[in-house]
Amino acid sequence: MRVGFGWDSHEFKSGIPLKIGGVTLDHSKGLGGHSDGDVLLHALTDALLGALAAPDIGSLFPPSDPKWKGADSAVFLREALQRMRAAGYAVVNVDATLILAAPKIGPHAAAIREHVAELLGVSPDCVGLKAKTPEGLATDNAAIANAVVLLEKKTT
Ligand SMILES: [Zn+2]
């Protein structure tokens, strides 16, 4: 078995859609920066790559490369999954914590878990998702995601 950990943060910006876990949420601001700014998929991608001791998301998909501007972050996750399968591993479960002041994630948590499970090819009960507000961190204009993933070697 192998464990991986991923962390990511993005700043809220006006005029762009908010995507978290591949789900577009209704909000006045979206997350700027690398690709579509999907902080949760980036943390999950880095967790998978970390479990494989592979190069991280920024090395594989440099933010400086215009090719990734506005890109669907599912592309990064799929690449990490492809590397995982090539190495003979499968996802056991993932667990993630989002830290953001708004919007409230609770009403969308089931949809996000289901979508992430579909991307990972696991059942939704293998995807943990919690959301916290950034109490005392003075980061109300950012979204942060932490993710851990457990992989197991497939016996063929
Ligand atoms: Zn990111």
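Anything mentioned here points back to the structure above.
None of the values given here were measured: they were computed from a predicted structure. (Residues numbered from 1 in each chain as written. Predicted model: local features only at pLDDT ≥ 70, side-chain atom pairs only at ≥ 80, totals over all residues. Heavy atoms only, no water.)

Visitor: I tried to follow the sheet that holds strand 7 (residues 142–153) on my own but got confused; where do I start?
Guide: Note: strands within a sheet are paired through backbone hydrogen bonds, in either parallel or antiparallel orientation. The strand order 4-1-7-5-6 describes an open sheet built from 5 strands, whose pairing is mixed. With one partner strand each, in any of the chains shown, strand 4 (29–31) and strand 6 (127–132) form the two edges of the open sheet. On average, adjacent strands in this sheet sit at an angle of 20° to one another, irrespective of strand direction. Looking at chain direction, strand 1 (residues 2–14) and strand 7 are connected through 10 bridges and run antiparallel. Residue Trp7 lies in a different strand from strand 7, and its bridge partner there is Asn146. Of the strands in this sheet, strand 1, strand 4, strand 5 (89–99), strand 6 and strand 7 are in contact with helix 1 (residues 39–51), which crosses strand 1 at around 155°. (Pairing = 2+ DSSP bridges. Helix = DSSP H or I, 4+ residues; strand = E, 2+ residues; numbered from the N terminus. Axes fitted to C-alpha atoms, helices over the stretch in contact; angles between N-to-C directions. Contact = heavy atoms within 4.5 Å.)

Visitor: Hey, could you run me through helix 4 (residues 109–120) in this one?
Guide: Because an α-helix packs 3.6 residues into every turn, residues spaced three or four apart end up facing the same way. Spanning 12 residues, helix 4 covers 16 Å between terminal C-alpha atoms, matching the ideal 16 Å at 1.5 Å per step. Against strand 2 (18–20), strand 3 (23–25), helix 1, helix 3 (74–86), strand 5 and strand 6 lie the buried residues of helix 4. Of the residues flanking the end of helix 4, it is Gly121, one or two places downstream, whose phi is positive at about 75°. (Expected span 1.5 Å × (residues − 1).)

Visitor: Even after reading the chapter, I still don't get the packing of aromatic side chains, so can you show me in this structure?
Guide: Throughout the structure, instances matching the rule amount to 3 aromatic pairs. Ring centres 4.4 Å apart and planes at 35° place the aromatic pair Phe61 and Phe76 in the tilted group. On the criterion of sequence distance, the pair formed by Phe61 in the loop between helix 2 (57–60) and helix 3 and Phe76 in helix 3 is long-range, its members being 15 residues apart. In terms of burial, Phe61 and Phe76 fall into one category: buried. Relative to Phe76, the ring of Trp68 has its centre 5.5 Å away and its plane inclined at 75°; by these criteria the two rings are edge-to-face. Here Trp68 falls in the buried class, since its relative accessible area comes to 14%. Since its relative accessible area comes to 0%, Phe76 is described here as buried. An aromatic cluster is defined as three or more aromatic residues linked by ring pairs; in this entry it consists of Phe61, Trp68 and Phe76. (Phe/Tyr/Trp six-rings, centres within 6.5 Å; stacked < 30°, edge-to-face > 60°. Buried < 20%, exposed > 50% of the residue type's maximum accessible area, 1.4 Å probe, protein only.)

Visitor: Hey, could you run me through the coordination of the zinc ion in this one?
Guide: Where a metal carries four tetrahedral donors, each ideal angle is 109.5 degrees; where it carries six octahedral donors, the ideal angles are 90 or 180 degrees. The protein atoms that coordinate the zinc ion are Asp8 (OD), His10 (NE2) and His42 (ND1), at distances of 2.0 Å. Mapping the donors of the zinc ion onto the primary sequence gives the spacing D-x1-H-x31-H. Remark: His42 occurs in helix 1 and His10 occurs in strand 1; sequence separation between them is 32 residues. Classification of His10 by relative accessible area gives buried; the value is 8%. (Donors = N, O, S within 2.8 Å, 3.2 Å for Na, K, Ca; no water.)

Visitor: Before we go on, may I ask you to explain a nonpolar patch on the surface in this structure?
Guide: On the surface, Val3, Phe5, Trp7 and Val148 cluster together into a nonpolar patch covering about 410 Å² of accessible area. With 3 residues, strand 1 is the largest single contributor of residues to the nonpolar patch. Mapped onto the secondary structure, Val148 falls in strand 7. Taking the relative accessible area as the measure of exposure, Val148 reaches 34% and is therefore partly exposed. (Patch = residues over 30% accessible without salt bridge, like charges linked within 9 Å, V, L, I, M, F, W, Y side chains within 5 Å. Areas by Shrake-Rupley, 256 points an atom, 1.4 Å probe, with all protein chains shown as cover. Salt bridge = Lys/Arg side-chain N within 4 Å of Asp/Glu carboxyl O.)

Visitor: Could you clarify how one ought to interpret the environment of Val122 in this entry?
Guide: If you trace the backbone, Val122 turns up in the loop between helix 4 and strand 6. For Val122, a relative accessible area of 17% corresponds to the buried category. As a C-alpha pair, Val122 and Ala90 span 32 residues in sequence and 9.3 Å in three-dimensional space. Among all residues touching Val122, those that are not within four sequence positions of it are Val91, Ala117 and Val127.

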